[in-house]
Amino acid sequence: MTELLVADETNFDELVLRAAKPVLVDFWAQWCPPCHQIVPILQQIAVERADRLTVVKVNSDENPAISANYRVMALPTLMLFQHGELIWSVVGARPKAKLLKELDDALLAAV
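Everything numeric in this text was worked out from a predicted model, so none of it was measured. (Residues numbered from 1 in each chain as written. Predicted model: local features only at pLDDT ≥ 70, side-chain atom pairs only at ≥ 80, totals over all residues. Heavy atoms only, no water.)

Draft legend 1. Region of interest: the pattern of salt bridges. Per the stated rule, a full pass over the model turns up six salt bridges. Across the salt bridge formed by Glu48 and Lys96, the nearest N and O atoms sit 2.6 Å from each other. Residue Glu48 is found in helix H2 (residues 33-48), and its partner Lys96 is found in helix H4 (residues 96-110); the two are separated by 48 residues along the sequence. With a relative accessible area of 22%, Lys96 lands in the partly exposed category. (Salt bridge = Lys/Arg side-chain N within 4 Å of Asp/Glu carboxyl O. Helix = DSSP H or I, 4+ residues; strand = E, 2+ residues; numbered from the N terminus. Buried < 20%, exposed > 50% of the residue type's maximum accessible area, 1.4 Å probe, protein only.)

Draft legend 2. Geometry of the sheet that holds strand E5 (residues 85-91). Read across the sheet, five strands follow the order E1-E3-E2-E4-E5 without closing on themselves; strand pairing throughout is mixed. Taken across any chain shown, the strands that pair with only one partner, and hence form the sheet edges, are strand E1 (5-6) and E5. The sheet contact formed by strand E2 (residues 23-28) and strand E3 (residues 54-59) spans six bridges and is parallel. Note that in E3 the partner of Trp28 across the bridge is Asn59. (Pairing = 2+ DSSP bridges.)

Dropping the structure here:
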């Protein structure tokens with residue numbers, strides 16, 4: 001499986017806010033079972049949408065400033081950024097088809 005990019009407080013701006021294409025950020029923690037359940041789905045999306053979307057993981061426990069800045073209150077939290085702006089977010093794991101539809105809808109609305 002494809003390893004997802006890992007963002008932290010040193011590279012978040014570069015990987016997410018200054019990215020040329022939309023970025024889906026997965027806020028997760030080691031102790032969170034749903035966070036681990038969603039990883040294979042995110043890896044598939046990262047491969048299937050590599051030309052249009054980047055998927056990045058942020059460990060909330062190791063990067064509390066990022067989590068606090070975006071008011072992450074529960075895990076997993078997925079946030080979609082485009083041109084450095086947060087355009088969509090959701091809390092909790094999703095089936096792949098539902099997640100892809102929500103992502104597509106958010107990206108279309110942001111155009």
